[in-house]
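Understanding the architecture of this molecule
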Amino acid sequence: MVDAQAKNSATVMRLLSDGLNCRSVPHSYIQPLEKRPTNLPSSLISSPHCNQQNYTSPIVDLEHGRFDRAKTIQQIFKAIEEFGFFQLINHGISKEMMGEAMSVGREFFEMPMEDREKLYCDGFEKPVKVASSVVYDREDVHYWRDSLRHVCYPVEESTHFWPLKPPKYREVVAAYSEKVRALALKLLELIADGLGLKSNYFDGELTQMQTILVNHYPQCPDPSLTLGLPVHKDPTLITLLLQDLFGLQVLKDGEWMGVQPLPGAFVVILGFPMQIICNDKLKAVEHRVLTNSSTARTTITTQVFPTKDCTLEPIEELIDDQNPPKYRTLTFQEYFNAHMAARLDPEETIKPFKLH
Ligand SMILES: O=C(O)CCC(=O)C(=O)O
Ligand SMILES: [Fe+2]
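Every value quoted in this text rests on a predicted model; they were computed, and no experiment measured them.

Moving on: unusual backbone geometry. In the segment running from Tyr 153 into Pro 154, the intervening peptide bond is cis, with an omega of -10°. Within the secondary structure, Pro 154 sits in the loop between β4 (146-151) and α7 (169-194). Going from Lys 165 to Pro 166, the amide bond is cis rather than trans, its omega being -5°. Within the element layout of this structure, Pro 166 appears in the loop between β4 and α7. Of note, the phi angle at Asp 253 is positive, near 50°, even though the residue is not glycine. With respect to the secondary-structure elements, Asp 253 resides in the loop between β8 (248-252) and β9 (255-258). The exposure class assigned to Asp 253 is exposed, which follows from its relative accessible area of 68%.

Around ligand 1, the surrounding shell holds 13 residues, and the nearest of these are Tyr 217, His 287, Arg 297, Thr 299 and Thr 301. The contact in question runs from an oxygen atom of ligand 1 to an N or O atom on the side chain of His 287, over 3.1 Å. Measuring from an oxygen atom of ligand 1, one finds a side-chain N or O atom of Arg 297 at 2.8 Å. Using a 2 Å cut-off from the grid points, one finds that ligand 1 occupies the largest cavity. Contributions of two or more residues to the shell around ligand 1 are made by β5 (209-217), β6 (229-232), β11 (287-289) and β12 (297-305). Of the residues assigned to the shell around ligand 1, the class counts are 6 nonpolar, 5 polar and 2 charged.

Looking at the largest pocket, its volume works out to about 470 Å³. Lining of the largest pocket is provided by 20 residues; of these, Phe 124, Met 209, Thr 211, Phe 305 and Phe 336 occupy positions nearest its centre. Residue assignment for the lining of the largest pocket shows that the elements contributing at least two residues are β4, β5, β12 and α9 (332-341). When the residues that make up the lining of the largest pocket are grouped by side-chain class, the tally is 9 nonpolar, 6 polar and 5 charged. Here the second largest pocket is characterised by a volume of approximately 390 Å³. Considering the residues around the second largest pocket, the lining is formed by 21 residues, among which Gln 31, Lys 35, Tyr 143, Pro 230 and Asp 345 are closest to the centre.

Looking at the iron ion (ligand 2), the protein donor atoms are His 232 (NE2), Asp 234 (OD) and His 287 (NE2), and they sit 2.1 Å from it. Mapped onto the sequence, the donors of the iron ion (ligand 2) take the spacing H-x1-D-x52-H. Residue His 232 is classed as buried on the basis of its relative accessible area, which comes to 6%.

With that out of the way, let us pick up the packing of aromatic side chains. Tallied over the full model, the rule gives 10 aromatic pairs. Between the aromatic rings of Trp 162 and Tyr 169, the centroid separation amounts to 6.3 Å while the plane-to-plane angle is 90°, which identifies the pairing as edge-to-face. Judged by relative accessible area, Trp 162 falls into the buried class, the value being 2%. For Tyr 169, a relative accessible area of 1% puts it in the buried group. Between the aromatic rings of Tyr 201 and Phe 202, the centroid separation amounts to 5.5 Å while the plane-to-plane angle is 80°, which identifies the pairing as edge-to-face.

It is worth spelling out the environment of Asp 61 at this point. One can find Asp 61 in strand β1 (residues 59-61). Assessed through its relative accessible area of 23%, Asp 61 is described here as partly exposed. Between the alpha carbons of Asp 61 and Asp 137 there is a distance of 42 Å; along the sequence they are 76 residues apart. Discounting residues that sit within four places of it in the chain, Asp 61 has contacts with Phe 67, Gln 75, Ile 89 and Asn 90. Of note is the side chain of Asp 61, whose polar atom sits 2.8 Å from the backbone nitrogen of Glu 63. Side-chain polar atoms of Asp 61 contact the side chain of Asn 90, separated by 2.9 Å.

On to the sheet that holds β9. Sheet architecture is open: 4 strands sit in the order β6-β11-β8-β9, paired in antiparallel fashion. This sheet does not close on itself; its edge strands, each paired only once, are β6 and β9. Direction aside, neighbouring strands of the sheet carry axes that sit 25° apart on average. In this sheet, β9 lies alongside β8 in antiparallel orientation, the contact comprising 4 bridges. Looking at the pairing, Leu 251 lines up with Trp 256 of β9.

Definitions and limits used
Residues numbered from 1 in each chain as written. Chains lettered and ligands numbered in written order. Predicted model: local features only at pLDDT ≥ 70, side-chain atom pairs only at ≥ 80, totals over all residues. Heavy atoms only, no water. Helix = DSSP H or I, 4+ residues; strand = E, 2+ residues; numbered from the N terminus. Buried < 20%, exposed > 50% of the residue type's maximum accessible area, 1.4 Å probe, protein only. Near = heavy atom within 4 Å. Polar contact = N/O pair within 3.5 Å; in protein donor to acceptor, adjacent residues only side chain to side chain. 1 Å grid on protein atoms, 1.4 Å probe; cavity = no way out; pocket = protein on both sides within 12 Å on 5 of 7 lines; lining within 4 Å. Sits in = over half its atoms within 2 Å of the grid points. Nonpolar A, V, L, I, M, F, W, Y, C, P; charged D, E, K, R; others polar. Points joined across faces, edges and corners; volume = space filled by probe spheres on them. Donors = N, O, S within 2.8 Å, 3.2 Å for Na, K, Ca; no water. Phe/Tyr/Trp six-rings, centres within 6.5 Å; stacked < 30°, edge-to-face > 60°. Contact = heavy atoms within 4.5 Å. Pairing = 2+ DSSP bridges. Axes fitted to C-alpha atoms, helices over the stretch in contact; angles between N-to-C directions.

Put into structure tokens, the structure is as follows:
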């Protein structure tokens, strides 16, 4: 009983969305000077909508399935090479479905604490978990984010792990995650074609795993001192992000650029494991998340990634005398362990696997 109470009060303190209703940023959330965001758009301080000037997001238009294959592959490669990401529109998933997914994700973090704390844990093996920051118990400075993460493939073997509340969560997220998976696999097919591989190259253990990650960044008293997520590359093959408020930045030519939400679009990012097997032909973009002083922000990330034992190594067809392998052979588990041990820092993560 005493233990349960102690555990509950620790949970309350850790989940930002429950415990911290503060007027100033607690010391343990203040980033060191060199990591703090500078030149914050005033929109983050006065209004939730970003109005950064001079910014054009690369767009890939799937034209509701009527797209020209060669042209689309070219658009995808150009966007990834120049920007490291793109916004995907007219992809066949309805705005209603995207909006419902966003609503149940947001509602989850608006429910009373008792409905969330049962799922709280700090390990990575659980099929469902609620957590705060990145590795709360093993980091010097915390990030201004709570999260709900759960497996979602195959859907029929996953839903029983998911939250029972909000009541529509399971129904909405089951339909959403199946649609997003099909879309992710379609994109991977186009990418395989563009790399000169057989279209189904990424089928099987490379894409066997899928999780949904609901990120919740509560309102923060001072966005200039905090980060919602540190600079990182995703531990996925491909990530499809749903967002409706500004907060995401990607590193382009050494500068941080805001990714303006585009209604009905997915932000598509390749992960580090993809960069490894592509031998750097396609790169995973470094990104981070800013906080917001006027409103909370919720995003939904769909992550498609390999099984633990899956071998990662530069694909034979992409290697020749001019392009020798840049990474040694490793398993996805080794990569993921390094990613977590490095607290998501991309350079630290990749060090043990780099050949040159
Ligand atoms: O919430 C965002 O804008 C980005 C989230 C993200 O980078 C992630 O879930 O890996
Ligand atoms: Fe990410």
